[in-house]
Amino acid sequence: MWFGTTQGLLKYDGYSFKIYNNNPNNPNFIENEQLTEHNTIYQVNNSLWFAANNTVFKLNTKTDSIITYTETHGIKGDVIELHIDDKKQVWVVSDNHWTSKREDTYQYLQKFDEKHGFQVIDSLRRGSREFTRLTSDQKNNLWWSTLTKGTIKYTENGKRLQNYDLNTSGSDGKNKYRGTSFFDSKNLHYYFPSNKGITRYNTSKSEWESILNEPLSIHHAAEDNEGNIWFAGDAFFYRMDRFGNFTDFSKTAQEQVDFTRISELFVDNNGLLWVATDNGILKLRIKPKIFTQLFKSNEKDWGNAMRSIFETKSGDIIGLCEREKKLMVFSPNIQEGKELELWGDYNATTNPLHGARFFSMDLDKEYAYTVNEDLVKIRLKDGFTTVFAEFANRLNITGASPIITLKDGRLLFGFTLAKLTIYTPETGESELVFKDPIEKDYLHFRYFLESNTSETVWVGTVNNGLLKINLNGTIEAHYDLNSDPPLNKNNIMVIHENKDESLWLGTFGGGIIHLTPHKKEAFVYDTSSGLANNNVVGILPYNDDHLLVSTYDGLSFFNMKTKRFHNFFEEDGLTHNEFNYTSFFKDSNSNYYFGGMNGINMFNPKNLTRDTLINPILFSSLTRFNSKSNDIQKTDFSYAANSKVTITPYDQYFQVNWTIPNYFKNIENQYFTKLEGYENTWFSQGINPYVRYNKLPAGDYILNVKGTDFSGIESNNTLKIPITVGSIFYKTWWFILLSALLILAIIYGLFQFRVRQILAIEQLRTNISSDLHDNLGSMLSGIAMQSELVEANAKKENKSKLNKIATTSRDAISQMRDLVWSIDNRRERTSDLLERMEELADELLFPKNISFHLEKNNLNFNKKLSITAKQHLFFIYKEAVTNILRHSNAKNVFVKFTNQNGFGKVIISDDGTINKTNKSTGFGLANMTLRAKKMNATINFIKEDGFEIHLKLPFKL
């Protein structure tokens, strides 16, 4: 809703106002803020046209940008009237009074064109005042009311058709026309002459006729959705119904708002009439007439309190007026009521209806029965009444005193279980239901209902819950606070049984209980479920899927399939919000009756079956607090369809605001939300039209919003708002991906660096081994050869020395060869190790006539060995062979390689005995143990039957 005031433009969403004015600190700044009467606000697509301070503006409602129309757009002076017709064509009346000489003062009728701006359609000399009005009829003809030339009619294209002389108000001839026009939905022309009330053009007689001949000046008119026309003057406010009857609402309106002038009338899409005054706004809810009010008094509080309602054989409806203690008869055919006067053979000083609450009828609908302290029988055709005093000891006038007619025509009544009585009207005979003494008597019966099950009756009590009584004198079932299933209240005021034998129980203070005995289930519906009030006094079914429920505060229409309530109150046409127990009835014509504290309400439920609101829930705005900018930011989404919300990681919280554009009692609307992706159930937000979330995890969500209005009608849509919560940069996928790539790049770089190092080391090892082999080997070989040559020609005393030099050189060459082989990366496979071991055996053992046996079981000959493993394995083997040569007389050496259970095993043994004459330092075994330890291997020495070395490796060969 948009409102124009003398202090700015207001946008209203039902809960808050967005203000546009010329305050320089207002983010919604507009240059001019004084909007005056008749400069109506018009919305065209996404633009809002308005006139302020005699200037025309167009506001873009999505961006809040404004276009100001001046002389450069063709405006002739000040704009004094703005009008947009049914085809969204923009018309203005401009006035050059303040910019021209008096003799050149004109008023201009101008029409807007997107290409050429405002074009002059017509002009006329201005009177002494700036009075002018524009309106359109149902054929979209334009009517210009002027002060000097009367009312002029134009086509929608601007062609002048006719002048109308409708009013004469002055004798000077300068300001003779002061009236305005209005056209209703039937295109009837109303004219409001100054101080002469209302006239209307009679098309059949081709003449004007006065329909409200009062000395009043009417300035505004509006037609509501029911065909009523509302007229307003300064402090006058009238309604003319569709039959032409006038009702003065001036005093009623003044009681709500103390005003001196009505400045505008407006009917919104929901039929709500807005009345703008100089002291606030009135809202009038215009609804179709649903309820016919019977026997209502004019008293403001309690009036004609009505109890039991029933139908006669002739179709008349009778209700008990409790305050007057008389029966009122309503004849639907003639729409009038009267009293059924009682007479008969009873004490004339007493009223036989005193204390009566329930009425039942015989099967022929000729007699009505009630109970108080006696049984009372009333002949309906003439009111003849008979009182049966013999039942006084079974009744209590202070109690509810229920009575019903059973399907076989017998009557059932009684105050307690022990006094429960069946009476046969035809014979006058009666009998107690419980003929034998009762172990526990139940008191204070409130309601009887004959069950669908033969010979059984449901009994609602004040203090003892619900009883199911067999008329043979037994209690078949009892439900209360402690039963299975339990009830939430023991005070049962009304009972209705479904075809499936489930029950609807109206309670005092506990709402409605849906009891299904055979399933042992009991569900409660109360005000938290949408019920009008928790004190339920009447239940009637409608079709198979609805219930009419009367309460102490309103009438509820319950959809049993959707579990939704639609509530009705006095503002909907009820006689009173508080209803009475026993006061509900459905007649033979499917009319429903509910009586309360002031009369009876008659209606047909088919008029109540609207279950959804006309207006959908709309996303109105988003509020958030941004920690980075340290401010609260609000974004308007009211004109952004299918909006998607993006929340930054710096938004500490955000609040989604919505509205239902139905402005009658909108502060009582109820809302429910569910955030998909975060919540699995619906949460009630109560009357709050918003929901707030704090620091939601990053991700995509959908906010679902649904609502009901004050009467329980649900919105016809579920608002769905996509919400994306962004991640802080270091949690975003691209940052994580880049970080992962960077880490991989670093790892790859380190790997490449390590590979280059290893290759360099291997190359160095190769170079060293080659250099040692080529250079140092050549030198040592040369020394050995030179020593041997010198030895051949040397003296005898020098030959041993030269031989030792040659031998040492040969040993050095052998040691160097082993060392070179161990560091050479070109000889690193298992097969290379075995081959070198065989070569060493040939070099050392063969000359000594010792046989070498090598056993190779399930080995991986291509397995690469680390330099450490290769060195230590070879030198352990070499040390073992050397020890055999030095300390054993063995003839055979056995070496066995095998893989077992994930480990490598090496066994070196011989078949000799230890030569005790050769002493050992023990460094050989120690060296082997040390080398095994460096490989994380275990080594054992066995000295029985030769010598064995057992080496267990931590890896397979």
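Residues numbered from 1 in each chain as written. Predicted model: local features only at pLDDT ≥ 70, side-chain atom pairs only at ≥ 80, totals over all residues. Heavy atoms only, no water.

Condition: UniProt positions are given in the numbering used here, feature names are shortened, and annotations may be inferred rather than shown by experiment.
The name given to the protein in an unreviewed UniProt entry is histidine kinase, and the organism recorded there is Ulvibacter litoralis. In its Catalytic activity (unreviewed entry) section, UniProt records this for the protein: "ATP + protein L-histidine = ADP + protein N-phospho-L-histidine."

### Observations regarding the overall build of the protein
So the rule is basically this: A run of H or I in DSSP becomes a helix once it reaches four residues, and a run of E becomes a strand once it reaches two; helices and strands are each numbered from the N terminus. Only protein chains enter the accessibility calculation, which uses a 1.4 Å probe. A residue is then buried if its area is under 20% of the maximum for its type, exposed if over 50%, and partly exposed in between. Working rule for contacts: check all heavy atoms of both residues, and any pair within 4.5 Å makes them a contact.
Scanning the protein from N- to C-terminus turns up six helices and 69 strands. Taken across its 957 residues, the protein has 48% of its residues classed as buried. Pairs at least 24 apart in sequence give 50% of the contacts found in the protein among residues at least 6 apart.

### Focus: the UniProt feature "transmembrane region" (unreviewed entry) in the protein
UniProt's entry tags residues 732-751 with the feature "transmembrane region" (unreviewed entry), counted in the numbering of this structure. From the first C-alpha to the last, residues 732-751 spans 28 Å; its make-up is 95% helix and 0% strand.

### A few points about the pattern of salt bridges
Let me state the cut-off plainly: By convention in these notes, a salt bridge is any Lys or Arg side-chain nitrogen within 4 Å of a carboxyl oxygen on Asp or Glu.
Tallying each qualifying case throughout the model produces 24 salt bridges. Measuring nitrogen to oxygen at the nearest pair gives 2.4 Å for the salt bridge that ties Asp122 to Arg160. Residue Asp122 is located in strand β11 (residues 117-125), and its partner Arg160 is located in strand β15 (residues 160-164); the two are separated by 38 residues in the primary sequence. Given a relative accessible area of 14%, Asp122 falls into the buried group. The partner of Asp544 in a salt bridge is Lys499, with the nearest N and O atoms 3.9 Å apart. Of the two residues, Asp544 is situated in the loop between β49 (536-542) and β50 (546-551) and Lys499 in the loop between β45 (492-497) and β46 (503-507); the sequence distance between them amounts to 45 residues. Classification of Lys499 as exposed rests on a relative accessible area of 75%. It is possible to trace a salt-bridge network through shared partners that takes in Lys11, Lys18, Asp64 and Asp636.

### Some words on helix α4 (residues 830-844)
Basically, it comes down to this: Multiplying 1.5 Å by the residue count of a helix minus one yields the expected span of that helix.
Given a rise of 1.5 Å per residue, 15 residues ought to cover 21 Å, and the 21 Å separating the end C-alpha atoms of α4 matches this to within 8%. All buried positions along α4 are accounted for by Thr830, Asp832, Leu833, Leu834, Arg836, Met837, Leu840 and Ala841.

### So, the packing of aromatic side chains
Under the convention used in this document: Any Phe, Tyr or Trp ring, taking Trp's six-membered ring, that has another such ring centre within 6.5 Å forms a pair; planes under 30 degrees apart are called stacked, those over 60 apart edge-to-face, and the others tilted.
One pass over the structure, following the stated rule, counts 60 aromatic pairs. Judged by centre distance (4.9 Å) and plane angle (50 degrees), the ring pair of Phe112 and Phe118 falls under tilted. Assigned by exposure class, Phe112 and Phe118 land together as buried. Ring centres 5.3 Å apart and planes at 85 degrees place the aromatic pair Phe391 and Phe413 in the edge-to-face group. Taken together, the residues Phe391 in the loop between β36 (384-388) and β37 (403-405) and Phe413 in strand β38 (residues 411-413) connect sequence positions 22 residues apart.

### Regarding unusual backbone geometry
Going from Asp484 to Pro485, the amide bond is cis rather than trans, its omega being 5 degrees. For Pro485, the position within the fold is in the loop between β44 (474-479) and β45. Positioned with a positive phi, Lys88 is a non-glycine residue whose angle comes to about 65 degrees. Mapped onto the fold, Lys88 is located in the loop between β8 (78-84) and β9 (90-95). We classify Lys88 as partly exposed; its relative accessible area is 48%. Within the chain, Asn630 stands out as a residue other than glycine whose phi angle is a positive 55 degrees. One can find Asn630 in the loop between β56 (618-626) and β57 (631-636).

### A closer look at a nonpolar patch on the surface
Here is the rule: Any residue with relative accessible area above 30% and no salt bridge may belong to a patch, with like charges joined within 9 Å and the nonpolar Val, Leu, Ile, Met, Phe, Trp and Tyr side chains within 5 Å. What sets the accessible areas is the Shrake-Rupley method with a 1.4 Å probe; for residues, cover comes only from the shown protein chains.
On the surface, Phe729, Tyr730, Trp733, Trp734, Leu737, Leu738, Leu741, Ile743, Leu744 and Ile747 cluster together into a nonpolar patch covering about 1100 Å² of accessible area. Locating Leu737 in the fold gives a position in helix α2 (residues 733-793).

### Here we look at the packing of α4 against helix α5 (residues 867-887)
In plain terms, the rule: Helix axes are fitted only over the stretch in contact, all axes being lines through C-alpha atoms; the angle between N-to-C directions runs from 0 to 180 degrees. Note on angle classes: values under 35 degrees are labelled roughly parallel, values over 145 roughly antiparallel, values of 65 to 115 roughly perpendicular, and the remainder oblique. Each crossing gets its handedness from the near helix: less than a right angle anticlockwise from the far helix is left-handed, clockwise is right-handed.
Their axes nearest at 11 Å, the elements α4 and α5 cross at an angle of 20 degrees. For the element pair α4 / α5, the angle class is roughly parallel. Considering how the two elements wind past one another, α4 and α5 form a crossing that is right-handed. Here Leu833, Arg836, Met837, Leu840, Ala841 and Leu844 of α4 come into contact with α5, specifically with Lys870, Leu873, Phe874, Tyr877, Lys878, Val881 and Leu885.

### What to know about the side chain of Arg446
This is how it is decided: Asp and Glu are treated as the negative residues and Lys and Arg as the positive ones, with His and the ends of the chain left uncounted.
Take Arg446: it is sitting in strand β41 (residues 445-450). Although Arg446 is buried, it forms no salt bridge, and the closest oppositely charged side chain is Glu322 at an N-O distance of 11 Å. When sequence neighbours within four positions are dropped, the list of residues in contact with Arg446 reads Phe358, Ala400, Pro402, Gly460, Thr461, Val462, Asn491, Ile492 and Met493.

### Some remarks on the nonpolar core
For clarity, the cut-off: Among buried residues, those of type Ala, Val, Leu, Ile, Met, Phe, Trp, Tyr and Cys that are joined through side-chain atoms within 4.5 Å constitute a nonpolar core.
By size, the foremost hydrophobic cluster in this structure holds 54 residues, and its most contacted members are Leu375, Phe413, Leu466, Leu505, Leu548, Phe594 and Phe603. No other element matches the five residues that β49 contributes to this core. Among all residues touching Phe413, those that are not within four sequence positions of it are Val371, Leu375, Phe391, Leu395, Pro402, Ile403, Lys419, Leu420, Thr421, Tyr423 and Phe448. Counting residues in hydrophobic clusters, the runner-up holds 35 residues, among them Met837, Leu840, Phe897 and Leu957.

### Here's the deal with the environment of Leu284
Summarising the element assignment, Leu284 is placed in strand β26 (residues 280-285). Placed 17 residues apart in sequence, Leu284 and Val267 show a C-alpha to C-alpha distance of 9.3 Å. Once residues lying within four places of it in the same chain are set aside, the contact partners of Leu284 are Trp230, Phe237, Gly271, Leu272, Leu273 and Val275.

### Some details on the environment of Gly4
Residue placement: Gly4 occurs in strand β1 (residues 2-5). For Gly4, a relative accessible area of 41% gives the class partly exposed. If we ignore the near neighbours within four places in the chain, the residues touching Gly4 are Leu9, Leu35 and Ile41.

### As for the sheet that holds strand β30 (residues 326-331)
Applied cut-off: For two strands to pair, DSSP has to find at least two bridges joining them.
Overall, antiparallel pairing links the four strands, which are arranged β28-β29-β30-β31 in an open sheet. Two strands lie at the open edges of the sheet, namely β28 (306-311) and β31 (336-340), each paired on one side alone. When strand polarity is set aside, the average angle formed by the axes of neighbouring strands in this sheet is 25 degrees. When strand β29 (residues 317-321) meets β30, the two strands line up antiparallel, connected through five bridges. Residue Ile318 lies in a different strand from β30, and its bridge partner there is Val329.

### Some thoughts on the sheet that holds strand β52 (residues 564-568)
The pairing of strands in a sheet happens through backbone hydrogen bonds and is either parallel or antiparallel. Reading across the sheet, the four strands line up as β49-β50-β51-β52 and stay open at both edges, with antiparallel pairing between neighbours. The sheet is open, and its two borders are formed by β49 and β52, each paired with just one other strand. For this sheet the average axis-to-axis angle between neighbouring strands, irrespective of direction, equals 20 degrees.

### Considerations on α5
In this model, α5 (21 residues) spans 30 Å end to end at C-alpha, consistent with the 30 Å of a helix rising 1.5 Å per residue. Burial analysis of α5 places 16 of its 21 residues in the buried class, which makes it a mostly covered element.

### Here's the deal with the confidence of the model for the protein
Cut-off, in case you're wondering: Note: pLDDT gives the predictor's confidence per residue, expressed from 0 to 100.
Overall, the predicted model of the protein reaches an average pLDDT of 87, with 90% of residues at or above 70. Note on residues 168-173: pLDDT under 50 across the span, and seven contacts to partners over four residues away in sequence or across chains.

### Concerning the pairing of strand β39 (residues 421-424)
As paired strands, β38 and β39 are joined by three bridges and run antiparallel to one another. Looking across to β39, one finds that Leu412 is bridged to Ile422. The pairing of β39 with strand β40 (residues 429-432) spans four bridges and is classified as antiparallel. Residue pairing across strands places Ile422 opposite Glu431, the latter belonging to β40.

### Some details on the pairing of strand β18 (residues 198-202)
The sheet contact formed by strand β17 (residues 189-192) and β18 spans two bridges and is antiparallel. When the sheet's bridge partners are listed, Tyr190 is paired in β18 with Arg200. The hairpin turn running from β17 into β18, its antiparallel successor, is five residues long, and Asn195 in that turn takes a positive phi close to 60 degrees. Across five bridges, β18 lies against strand β19 (residues 207-212) in antiparallel orientation.

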